[in-house]
Amino acid sequence: MSAFLLILTVALVIIVVFQIGKSAELARILRGEEGKEETNSSLALITSVIGFIILILSIITIFIYKPKFLPVSASEQGVWIQQMINWTMFFTCTVYIFTTFLLFWFVYKYQYKKDRKAFWFPDDLRLELAWTIIPAIVLTVLVVLGIQKWFKVFSPAPSDAIIVEAIGQQFKWNIRYAGADKILGKKDFSLTNSDNELGINWNDKNSHDDFMADEIVLPVNTPVLFKLGALDVLHNFNLSQFRMKMDCVPGIPTEYWMRPTISTDSMRLITGNPEFDYEVNCSEMCGSAHYNMRKVLKVVSRAEYDKWAKDQSENHSYYKTVVLPAMKEKGGEISMNTDTTKNNIKH
Ligand SMILES: [Cu+2]
């Protein structure tokens, strides 16, 4: 509301200034004076002053909203990406401030003057070289730095990486951890049904120690490989506090790995916010309840993680708690039935 009132006030001030300018011009015309030059002068001054105020306010806003910016990057990869963001911001902000300053300064300096003739300026080789070579050098620096970071970020995941699968679905994340064997059980879309939304093949022994988790828990300083996918539409697995994100595309597996370097507890101290939690969110506008696709992510010590993972794998594994008891109860075997309308536990 206060922002709306501020915008309204600024708009009204501009209208008032404009109307005063117009009435002054009308008064001069009524008095029979030649007023064009004076009118131009006041309009040039007003435009320049408003332009400079916008420029100064836009710079001040950066400092006002700085506390709301993302905290320091919580992953090794994020630090490299943040460096790229900083370099890009440095170059673009420098150009923005320089060109905006010139624009509004020239509005005032080169305003209409009755006896002044416009300078004919068809071309200038030195100037053209300057505005070709300088941007070329700046862009080359950005591209080279970017490619270096790209190859580092998208290098193969280390062999000790924890494997976590994140599958986007309107409007939730299905999180599956590869168990102690570090191999995710195979999936087949033809096995998908309401009991097995991901279409996990329970005949594959690698799936038996996998577990689904409500929250993502990661050990600090240990690499984690996220294997991404989607069941319906495009989603995006976004870890903004780690500066990592990737599209989740139906039918096309994507992945990235990162090494979290700051635990949740440490980040609470850094931000001074005892309630702070990392979060996963979807940064693809995927439908009406898109905002719902958030999940807490905890970065804990290795010992805490091992304890949690063991408990999840032994006591909360979907295979052990649902599939196996259902098989025993019905005395059936797991079917590889490709009829998607049927449960894949044969009765
Ligand atoms: Cu989504």
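Residues numbered from 1 in each chain as written. Predicted model: local features only at pLDDT ≥ 70, side-chain atom pairs only at ≥ 80, totals over all residues.

What follows covers the sheet that holds strand β6 (residues 235–239). With respect to topology, 5 strands assemble into an open sheet ordered β4-β10-β9-β6-β7, the strand pairing being mixed. Looking at which strands have only one partner, the edges of the open sheet turn out to be β4 (216–219) and β7 (244–248). If you compare each strand with its neighbour and ignore which way they point, the axes differ by 20° on average. With 4 bridges joining them, strand β9 (residues 278–282) and strand β10 (residues 294–300) adopt antiparallel strand pairing. Bridge assignment links E279 to a residue of β10, and that residue is V296. Sheet strands touched by helix α6 (residues 302–315): β4 and β10. Its angle to β4, the strand with the most contacts, is close to 135°. (Pairing = 2+ DSSP bridges. Helix = DSSP H or I, 4+ residues; strand = E, 2+ residues; numbered from the N terminus. Axes fitted to C-alpha atoms, helices over the stretch in contact; angles between N-to-C directions. Contact = placed C-beta atoms within 7 Å.)

To continue, consider the nonpolar core. Counting residues in hydrophobic clusters, the biggest one holds 38 residues, and the most contacted among them are V164, A166, I216 and F226. Residue contacts for A166: discarding those within four places in its chain leaves W173, I175, F226, L228 and F237. (Core = buried A, V, L, I, M, F, W, Y, C linked by C-beta atoms within 7 Å. Buried ≥ 20, exposed ≤ 12 C-beta atoms within 10 Å, placed from the backbone.)

Omega for the peptide link from Q170 to F171 comes to 0°, which places this bond in the cis form. Following the sequence through the fold, F171 ends up in the loop between β1 (162–169) and β2 (172–177). Residue K182 is not a glycine yet carries a positive backbone phi of 60°. Residue classification places K182 among the partly exposed positions, given that 15 C-beta atoms sit within 10 Å.

Bringing the pairing of β6 into the picture now. Here is the key point about a regular strand: its side chains alternate between the two faces of the sheet. Most of β6 is tucked away, with 5 of its 5 residues classed as buried. With burial as the criterion, each face of β6 is covered, one bearing H235, F237 and L239 and the other bearing N236 and N238. As paired elements, β6 and β7 share 5 bridges and run antiparallel to each other. The residue bridging N238 from the neighbouring strand is K245, located in β7.

Before going further, it helps to spend a moment on the packing of helix α3 (residues 76–109) against helix α4 (residues 125–153). Remark: α3 packs on α4, axes separated minimally by 10 Å, with the N-to-C direction vectors making an angle of 170°. With respect to their mutual orientation, α3 and α4 come out roughly antiparallel. Of α4, the residues touching α3 (which contributes Q77, W80, I81, M84, W87, T88 and F91) are V138, L142, L145, G146, K149, K152 and V153. (Parallel < 35°, antiparallel > 145°, perpendicular 65-115°, else oblique.)

The subject of this paragraph is the domain arrangement of the chain. If you check the domain split of the chain, you get domain 1 (12–69), domain 2 (72–112 + 124–155) and domain 3 (162–330). Relative to domain 3, the C-alpha centre of domain 2 lies at a distance of 37 Å. Between domain 2 and domain 3, the contact holds 9 residues from the first and 13 residues from the second. In terms of residue class, the side of domain 2 that touches domain 3 is made up of 3 nonpolar, 5 polar and 1 charged. (Domains from an automatic or database assignment. Nonpolar A, V, L, I, M, F, W, Y, C, P; charged D, E, K, R; others polar.)

The strands making up a sheet associate through backbone hydrogen bonding, with each pair oriented either parallel or antiparallel. The strand order β3-β2-β1-β5-β8 describes an open sheet built from 5 strands, whose pairing is mixed. Lying at the two open borders of the sheet, with one neighbouring strand each, are β3 (211–212) and β8 (254–258). Sheet topology places β1 next to strand β5 (residues 224–230); 7 bridges connect them, and they run parallel. Opposite I163, over in β5, you have L225 as the bridge partner.

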